[in-house]
Amino acid sequence: MAARKALISGITGQDGSYLAELLLGKGYEVHGIVRRSSSFSTGRIDHLYQDPHASGARLFLHYGDLTDGAGLRQILSAVGPDEVYNLAAQSHVRVSFDQPVYTVQADAVGTVRFLEAIRDTGLKTRFYQASSSEMFGQVAETPQRETTPFHPRSPYGCAKLFSHWQVINYRESYGMFACSGILFNHESPRRGETFVTRKITRAATRIKEGLQDKVYLGNLAAKRDWGFAGDYVQAMWLMLQQETPDDYVIATGETHSVQEFVEEAFALLGLDWHKHVEIDPRYFRPAEVDLLLGDAGKARAKLGWQPTVTFKELARMMVEHDWKLAREERVVREHRTANGG
């Protein structure tokens, strides 16, 4: 029997890399869409080409972009995927205030281009859309579940909400197997370094190694439901294995403030965070989301999914990874200094 094929947009991102690992482990042939760039951006998936089980022989990358509908059709026709995971996005909430038009083009219109490309090619593929807890924004109830009204508070949240409703529309209008995962914050050692959790763990470990002294953050009081990205991609896959498509909240059911994450990360390193953390108003958002807390009861009941990594375990995982990077960086710096570099 031929291996099932999956196509992932955003495969070089945090979620895309974990999802590619998961699918390759299940015997899939995995295809990823990457944007053409003058520099390599495949660091998170390079190890997949080198694994001893030759998963690289089942991993293929294609140049493409969600702003190019014709290109998406060509890739879909060439690959013929059984499953499509749309993870590509301008995913930084604060940046979306600075680049709202680009965010909408990538995160909203890009999804419609993908859905239209699938409809035009006539492929009977199953489609997963990465929705976001930021769609809840100024929350109407706590915890937030699939029936909670949306009130996004950023261009990113608005763009994701547009895509979310388009997925529902294509499902109801054309009978497409299309579903959305409303994922709450999920982190890992592969998180981009401009996102607050990774910014904290990178800074704390570099401070520990004497490579820097301060880290500048925004709203420490903001509370989020933080889980592990490796757990969350499992939920994505499970959604596409169901008999009927539906939308699911994916969350841990716990909320912690940014300050709690700071405290946990610095404590693991034996540091007093008060001496190293300063508030910079530039990192505040024009409209803040104060609290996000998800109820994943539907996912537990229908998908059999639940998180496996706790908040403290997640912080430790990220600190240990970044401490290793900081120690390596210190050794390189000392070597250069010793050699007059």
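For the structure itself, look to the data block above.
Residues numbered from 1 in each chain as written. Predicted model: local features only at pLDDT ≥ 70, side-chain atom pairs only at ≥ 80, totals over all residues. Heavy atoms only, no water.

Engineer: How should the pattern of salt bridges be read in this particular structure?
Structural biologist: Opposite charge on two side chains makes pairing possible when the charged atoms of those side chains draw close. Inspection of every chain in the model, using the stated rule, returns 26 salt bridges. In this structure, Lys214 engages Glu278 in a salt bridge whose closest nitrogen and oxygen atoms are separated by 3.4 Å. A residue pair is termed long-range when its members are at least 10 positions apart, and Lys214 in the loop between helix 6 (196–208) and strand 8 (215–217) and Glu278 in strand 13 (residues 277–279) qualify at 64 residues. What makes Lys214 partly exposed here is its relative accessible area of 28%. By relative accessible area, Glu278 is classed as partly exposed at 31%. Sharing partners across several salt bridges, the network here consists of Glu134, Arg224, Arg285 and Glu288. (Salt bridge = Lys/Arg side-chain N within 4 Å of Asp/Glu carboxyl O. Helix = DSSP H or I, 4+ residues; strand = E, 2+ residues; numbered from the N terminus. Buried < 20%, exposed > 50% of the residue type's maximum accessible area, 1.4 Å probe, protein only.)

Engineer: Help me out: how do you make sense of unusual backbone geometry in this one?
Structural biologist: For residues besides glycine, phi is generally negative; the peptide bonds are generally trans as well. In this structure, the amide linkage connecting Thr142 to the following residue, Pro143, adopts the cis form with an omega of 0 degrees. Assignment of secondary structure puts Pro143 in the loop between strand 5 (126–132) and helix 5 (155–174).

Engineer: Please explain the sheet that holds strand 11 (residues 248–250) as it appears in this structure.
Structural biologist: Adjacent strands of a sheet form backbone hydrogen bonds with each other and so pair up, either parallel or antiparallel. The sheet built from seven strands is open, its strands ordered 3-2-1-4-5-6-11 with parallel pairing. In the strand order of this sheet, the two ends are held by strand 3 (59–63) and strand 11, each with one partner. Here the strands of the sheet are splayed against their neighbours by 20 degrees on average, with no regard to which way each runs. Inspection of the sheet shows strand 4 (residues 83–86) paired to strand 5 by four bridges, in the parallel sense. Note that in strand 5 the partner of Glu83 across the bridge is Arg126. Against the sheet, helix 4 (residues 100–121) touches strand 1 (5–9), strand 2 (29–34), strand 4 and strand 5, its axis set at about 170 degrees to strand 5. Sheet contacts for helix 5: strand 5 and strand 6 (177–183); angle to strand 5, the most-contacted strand, approximately 150 degrees. (Pairing = 2+ DSSP bridges. Axes fitted to C-alpha atoms, helices over the stretch in contact; angles between N-to-C directions. Contact = heavy atoms within 4.5 Å.)

Engineer: Sorry if this is basic, but what is going on with the packing of aromatic side chains here?
Structural biologist: Counted under the stated rule, the structure contains ten aromatic pairs. Seen from their ring centres, Tyr18 and Phe228 are 5.5 Å apart, and the 75 degrees between their planes marks the pair as edge-to-face. With Tyr18 in helix 1 (residues 14–25) and Phe228 in strand 10 (residues 227–228), this residue pair connects regions lying 210 residues apart in the sequence. By the burial criterion, Tyr18 is buried, and Phe228 matches it. By the ring-pair criterion, three or more aromatic residues cluster together here, those being Phe136, Phe150 and Phe184. Positioned above the aromatic ring of Phe177 is the side chain of Arg126, whose terminal nitrogen or guanidinium carbon lies 3.9 Å from the ring centre. Over the face of the ring belonging to Trp323 we find Arg327, whose NZ or CZ atom lies 5.0 Å from the ring centre. (Phe/Tyr/Trp six-rings, centres within 6.5 Å; stacked < 30°, edge-to-face > 60°. Lys NZ or Arg CZ within 6 Å of the ring centre and 35° of its normal.)

Engineer: Just checking my understanding: could you explain the packing of helix 4 against helix 5 for this structure?
Structural biologist: A packed helix pair is summarised by two numbers, namely the angle formed by the two axes and the spacing between the axes. Close contact between helix 4 and helix 5 brings their axes to 8 Å; oriented N to C, the two are set at 15 degrees. Put simply, helix 4 runs roughly parallel to helix 5. Viewed along their axes, helix 4 and helix 5 form a crossing whose handedness is right-handed. In this structure, helix 4 contributes Pro100, Thr103, Val104, Asp107, Ala108, Thr111, Val112, Leu115, Glu116 and Arg119 to the contact, and helix 5 contributes Pro155, Tyr156, Ala159, Phe162, Ser163, Gln166, Val167, Tyr170 and Tyr174. (Parallel < 35°, antiparallel > 145°, perpendicular 65-115°, else oblique. Left-handed = near helix turned anticlockwise from the far one by under 90°.)

Engineer: What exactly am I supposed to notice about helix 7 (residues 229–239) here?
Structural biologist: Note on helix geometry: an α-helix contains 3.6 residues per turn, so any two residues three or four positions apart are oriented the same way. With nine of eleven residues buried, helix 7 is to be regarded as a mostly interior element. Residues of helix 7 that are buried include every one of Ala229, Asp231, Tyr232, Val233, Ala235, Met236, Trp237, Leu238 and Met239, and no others.

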